[in-house]
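So you can see what is in the structure, the chains are spelled out below.
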There are 2 protein chains.
Amino acid sequence: MSSTATYTVSGMTCGHCVSAVTEEVTNISGVTDVQVDLASGAVTITSEAPVEETAVKAAVDEAGYELVSR
Amino acid sequence: MSSTATYTVSGMTCGHCVSAVTEEVTNISGVTDVQVDLASGAVTITSEAPVEETAVKAAVDEAGYELVSR
């Protein structure tokens with residue numbers, strides 16, 4: 001079984017930003033796939049089990065961006 | 001003796017872009033310092049001797065951006 005959640009991240013402006021967010025979110029335990037749409041800021045996270053929003057927020061912060069909404 | 005030249009680069013949108021351009025331009029033989037102003041796109045290159053514009057253009061291209069003017 002897998003879980004998918006989509007968040008919105010602000011501040012991403014280029015492919016490097018996408019890479020930074022993808023890398024940090026991928027590092028969250030249990031995450032199996034991360035898809036980022038630069039234009040909309042949508043970050044779709046697939047994981048083995050639901051991921052705590054606080055963990056996602058921490059990862060996005062670590063990358064240098066802001067989690068706006070789920 | 002050192003030489004300084006300022007170019008304008010378009011397409012840089014964030015700190016990662018600045019890092020990518022700085023890294024590629026720094027790799028040009030003879031370059032001793034590179035300063036990038038993200039807001040204006042100004043890239044100021046200090047080198048031991050004047051650097052060929054074609055070398056700067058190639059480095060900026062390699063980083064994924066465009067040299068607009070000198």
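Here's a quick rundown of the structure.

Here is what the cut-offs are and how they apply
Residues numbered from 1 in each chain as written. Chains lettered and ligands numbered in written order. Predicted model: local features only at pLDDT ≥ 70, side-chain atom pairs only at ≥ 80, totals over all residues. Heavy atoms only, no water. Pairing = 2+ DSSP bridges. Helix = DSSP H or I, 4+ residues; strand = E, 2+ residues; numbered from the N terminus. Axes fitted to C-alpha atoms, helices over the stretch in contact; angles between N-to-C directions. Contact = heavy atoms within 4.5 Å. Least-squares fit on C-alpha atoms with pLDDT ≥ 70 in both. Core = buried A, V, L, I, M, F, W, Y, C linked by side-chain atoms within 4.5 Å. Buried < 20%, exposed > 50% of the residue type's maximum accessible area, 1.4 Å probe, protein only. Parallel < 35°, antiparallel > 145°, perpendicular 65-115°, else oblique. Left-handed = near helix turned anticlockwise from the far one by under 90°. Nonpolar A, V, L, I, M, F, W, Y, C, P; charged D, E, K, R; others polar.

**Looking at the sheet that holds strand β4 (residues 66–69) of chain A**
Residue and element names in this part refer to chain A.
Turning to step 1, where the next piece is worked out: One open sheet accounts for four strands, arranged β2-β3-β1-β4; its pairing is antiparallel. Whereas interior strands pair on both sides, the edge strands pair on one side only; in this sheet they are β2 (31–37) and β4. Averaged over all pairs of adjacent strands, the angle between strand axes in this sheet comes to 35°, irrespective of strand direction.
Turning to step 2, where the next piece is worked out: Sheet topology note: the β2/strand β3 (residues 42–47) ladder contains six bridges and is antiparallel. Each bridged residue has a counterpart across the sheet, and for Q35 the counterpart in β3 is T44.
Turning to step 3, where the next piece is worked out: Of the strands in this sheet, β2 and β3 are in contact with helix α1 (residues 15–26), which crosses β2 at around 160°.
Turning to step 4, where the next piece is worked out: Across the sheet, helix α2 (residues 53–63) is in contact with β1 (3–10), β3 and β4; its angle to β4 comes to roughly 135°.

**Things to note about the sheet that holds strand β3 (residues 42–47) of chain B**
All names here are of chain B.
Turning to step 1, where the next piece is worked out: Strands sit in the order β2-β3-β1-β4 across an open sheet of four strands; the sheet is antiparallel. Here the strands that pair on one side only, and so sit at the sheet edges, are β2 (31–37) and β4 (66–69). Between one strand axis and the next, the sheet turns by 35° as a mean value, whatever way the strands run.
Turning to step 2, where the next piece is worked out: Running at roughly 160° to β2, helix α1 (residues 15–26) makes contact with β2 and β3 of the sheet.

**A word on the relation of the copies chain B and chain A**
Turning to step 1, where the next piece is worked out: Superposing chain B onto chain A takes a rotation of 180° plus a shift of 0.1 Å along the axis, which leaves an RMSD of 0.0 Å. Each copy turns onto its partner about a two-fold axis.
Turning to step 2, where the next piece is worked out: The fraction of interface residues of chain B whose copies in chain A are also interface residues reaches 100%, indicating that both copies meet through the same surface.

**Details of the nonpolar core**
Turning to step 1, where the next piece is worked out: Judged by nonpolar contacts, the single largest core of 46 residues is most densely connected at Y65(A) and Y65(B).
Turning to step 2, where the next piece is worked out: Excluding residues that lie within four positions of it along the chain, Y65(A) makes contacts with V9(A), S10(A), G11(A), M12(A), C17(A), A20(A), V21(A), V60(A) and H16(B).

**Observations concerning the side chain of S3(A)**
Residue and element names in this part refer to chain A.
Turning to step 1, where the next piece is worked out: As for its placement among the helices and strands, S3 is situated in strand β1.
Turning to step 2, where the next piece is worked out: Since its relative accessible area comes to 14%, S3 is described here as buried.
Turning to step 3, where the next piece is worked out: The contact partners of S3, leaving out residues within four places of it in the chain, are I45, T46, S47, E48, A49 and P50.

**Quick notes on the packing of α1(A) against α2(A)**
Residues and elements named next belong to chain A.
Turning to step 1, where the next piece is worked out: Following both chains from N to C, one finds α1 and α2 inclined at 140°, their axes separated by 8 Å at the closest point. As summarised for this structure, α1 and α2 are arranged oblique, according to the angle between their axes. Between α1 and α2 lies a crossing of right-handed hand. Across the interface between the two elements, A20, V21, E24 and V25 of α1 pack against A59, V60, E62 and A63 of α2.
Turning to step 2, where the next piece is worked out: Its residues assigned to classes, the contact of α1 with α2 shows six nonpolar, no polar and two charged.

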